[in-house]
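Chain by chain, the residues:
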Amino acid sequence: MPFVINPYDEWYALVRALELKEANLAEKVTLIHVGLADSEATIRKGFALGADDAVRIDAESPDAYFVAEQIGTYAKSNGYDLILVGKETINYNGSSVGAMVAGVLDLPFVSLATKLDVAGNKATVEHEIDGGTQVVECELPMVISCAKGMAEQRIPNMRGIMAARTKPLQVIPATGNAALTSIKSYAVNPGRTTCKMITEDNLDELVHLLHTEAKVI
Amino acid sequence: MSVLVYTEINKGRVKKSSLESVNYAAKIAELTGSTVTAFVNNADAAQLEEIGKAGATKILSAKVDNLNADNMLISAAVEQAAKAEGAKVIVFAFDITGKGVAPRLAAKLKAGLVAGAVDYPVVNGAALEVKKNVFSGKATAVYTINSDVKVISLLPNSFPVKLGENKASVSDFSVDLSSVKSRITIKETKSNQVGGMVPLPEAELVVSAGRGLKGPENWGLVEDLAKVLGATTACSRPVADMHWRPHHEHVGQTGVAIRPNLYIAIGISGAIQHLAGVNGSKTIVVINNDKEAPFFKSADYGIVGDAFSILPKLTEAVKKFKANQN
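Basis of the calculations
Residues numbered from 1 in each chain as written. Chains lettered and ligands numbered in written order. Predicted model: local features only at pLDDT ≥ 70, side-chain atom pairs only at ≥ 80, totals over all residues. Helix = DSSP H or I, 4+ residues; strand = E, 2+ residues; numbered from the N terminus. Rg over C-alpha atoms; globule rule 2.2 N^0.38 Å. Contact = placed C-beta atoms within 7 Å. Buried ≥ 20, exposed ≤ 12 C-beta atoms within 10 Å, placed from the backbone. Axes fitted to C-alpha atoms, helices over the stretch in contact; angles between N-to-C directions. Parallel < 35°, antiparallel > 145°, perpendicular 65-115°, else oblique. Left-handed = near helix turned anticlockwise from the far one by under 90°. Nonpolar A, V, L, I, M, F, W, Y, C, P; charged D, E, K, R; others polar. Arc of directions from axis to C-beta. Expected span 1.5 Å × (residues − 1). Pairing = 2+ DSSP bridges.

1. Regarding the overall build of chain A
For step 1, the next point in the chain: From N to C terminus, chain A includes six helices and ten strands.
For step 2, the next point in the chain: A compact globule built from 217 residues would reach a C-alpha radius of gyration of about 17 Å, whereas chain A, at 21 Å, exceeds it by more than 25%.
For step 3, the next point in the chain: When its C-alpha atoms are laid out on the principal axes, chain A stretches across 65 × 40 × 40 Å.
For step 4, the next point in the chain: A sequence separation of at least 24 residues applies to 67% of the contacts in chain A between residues at least 6 apart.

Listed below in structure tokens is the structure:
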């Protein structure tokens, strides 16, 4: 089965980071990943898009806390100003790693960012809040989770694909604590089995069913 | 030992997701033989009463200006409440605040987190086993939380809110935020709320439309149906991308994920990315002129036909039903 970079990480976080570099607002874009060697082909896709270098923490990623601690430890000792993550992963949908990295490093965290601009040492971020949007300013360093609106998906070009082969991918061992949670079992959600078809001239029946059968109105 | 639950006041009322969280925390307290303490900031007497009715045995009532300006501040306040109460389980709603605060606090406390629980935990010795949705709602996974302190955030609309007798004792809780290095300054806040309409993540009834509506000028038909139902309007991704409707109405994988009791989808084909955001809905009604539309496979009720003739008739049918109810 071919694996991909989590789309929110790739389309929004990575592409916006590359745009900041292209606008000379960032010096370097580093990819960080916690996983085993079989993920290196996927990391190289990030190189093809334009990332400068990558770090792979050589461990399975058992839970969000384990991953966040690895990322936090590396980011701290290497002095990154901006840590961008996708709003969630499409497999576990936990929306957790970004805020956990911020917790590990005691850094500000802005979630669900739809716009990000950087001027000098200050970031201006537009993000979603309950019932609206908000623009905030924050001095770097900080952690931001990126949502739709931040950037547009890119397709790697031939030059990027060629360059990807030789970019530096550092592998370092995991440190710190063990995972705090584990997955005991999975189950497939039963889908809907039958769709009751109603004709257009029988909409009173639909309303009746929504009331008596589905009990939702 | 107690179960601590974070509750929040938004636009003058206790958030629905917070009341659900208090109910949920009360159930965990029952399962683990402990009590429920709710933390709330800037609540008035009526709001404290409501939190009590949702099942809190004790309420820590804080008065901090601008606590919500930075999730770092909320996290520090809840951490202090957790320490004061000796809380072993901390409950949040898996809403925008909960997504920003719960993971940060969990990391600080080295507490295992389950983000987006859909069912009550099972107690297994010192561990809790918690079910949550994975793969965008296509499957569920049972997580075991092994750490001493445990954090759980509850997916909104997983359980209906139940209110009972208020037995809560209220104590003022002073929060010390002097050591928190908040650096976030709010420059501008814009509301996207439409007067009288329930916000989309909290809505129990949602009427949503897609490209089949042919243009933004036709949305009156959708709004008419939503109005008679008391529903909130939503839309598919192409509709938001074409700026027919505002982005915050976009439901689906990249937009808002919702799980209302009733989701009516009009002129939406049912792409997998759209389903990922709505397949948790209790009942789905699909209206589409293409009988092969994939959405019918994920629907409870379907109508094949022209939305422009069906919508006014359905609105009338709902009106008639409502009139008969009164």
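What follows picks up the thread again.
2. A few points about the overall build of chain B
For step 1, the next point in the chain: Each helix and strand in chain B was counted, giving eight helices and 18 strands.
For step 2, the next point in the chain: Taken over C-alpha atoms, the radius of gyration comes to 21 Å for chain B, in line with the 20 Å a tight globule of 326 residues would show.
For step 3, the next point in the chain: Here the C-alpha coordinates of chain B stretch approximately 60 × 45 × 40 Å along the principal axes.
For step 4, the next point in the chain: The buried share of chain B, taken over its 326 residues, is 56%.
For step 5, the next point in the chain: For chain B, the proportion of contacts with a sequence separation of at least 24, taken over those separated by at least 6, is 63%.

3. With respect to the packing of helix 6 (residues 203-212) of chain A against helix 8 (residues 307-325) of chain B
For step 1, the next point in the chain: Contact geometry of helix 6 of chain A with helix 8 of chain B gives a least axis separation of 9 Å together with a crossing angle of 55 degrees. In terms of orientation, helix 6 of chain A lies oblique with respect to helix 8 of chain B. Between helix 6 of chain A and helix 8 of chain B lies a crossing of right-handed hand. Where helix 6 of chain A approaches helix 8 of chain B, its residues L203, D204, V207 and H211 of chain A are matched on the opposing element by K313, L314, A317, V318 and F321 of chain B.
For step 2, the next point in the chain: Partitioned by chemical class, the residues of the contact of helix 6 of chain A with helix 8 of chain B number six nonpolar, one polar and two charged.

4. Considerations on helix 6 of chain A
For step 1, the next point in the chain: Every buried residue of helix 6 of chain A is listed here: L203, L206, V207 and L210 of chain A. Down the axis, helix 6 of chain A shows its buried residues gathered within 95 degrees of arc, on one side only.
For step 2, the next point in the chain: Summarising the contacts, the buried residues of helix 6 of chain A are in contact with strand 16 (262-266), strand 17 (283-288), strand 18 (301-304) and helix 8 of chain B.

5. Quick notes on the environment of D106 of chain A
Residues and elements named next belong to chain A.
For step 1, the next point in the chain: In this structure, D106 sits in the loop between helix 4 (97-105) and strand 4 (109-119).
For step 2, the next point in the chain: Residue D106 is classed as partly exposed on the basis of its 14 C-beta neighbours within 10 Å.
For step 3, the next point in the chain: In sequence terms D106 and G72 are 34 residues apart; their C-alpha atoms lie 9.7 Å from each other.

6. Focus: helix 3 (residues 71-85) of chain B
For step 1, the next point in the chain: In this model, helix 3 of chain B (15 residues) spans 21 Å end to end at C-alpha, consistent with the 21 Å of a helix rising 1.5 Å per residue.
For step 2, the next point in the chain: Residues of helix 3 of chain B that are buried include every one of N71, M72, L73, I74, S75, A76, A77, V78, E79, A81, A82 and E85 of chain B, and no others.
For step 3, the next point in the chain: Buried residues in helix 3 of chain B make contact with strand 4 of chain A together with strand 1 (2-6), strand 4 (35-41), strand 5 (58-62), strand 6 (87-93) and helix 4 (96-109) of chain B.
For step 4, the next point in the chain: Backbone geometry just after helix 3 of chain B places G86 of chain B at a positive phi near 60 degrees.

7. Comments concerning the interface of chain A and chain B
For step 1, the next point in the chain: With 62 residues of chain A at the contact, the number on the chain B side is 75 residues.
For step 2, the next point in the chain: When contributions to the side of chain A that touches chain B are tallied by element, the ones reaching two or more residues are helix 3 (64-78), helix 4, strand 4, strand 5 (122-129), strand 6 (132-139), strand 9 (181-188), strand 10 (196-197) and helix 6 of chain A.
For step 3, the next point in the chain: Two elements, strand 10 of chain A and strand 18 of chain B, share two bridges in a ladder whose sense is parallel. If you follow M197 of chain A over to strand 18 of chain B, its bridge partner there is G302 of chain B.

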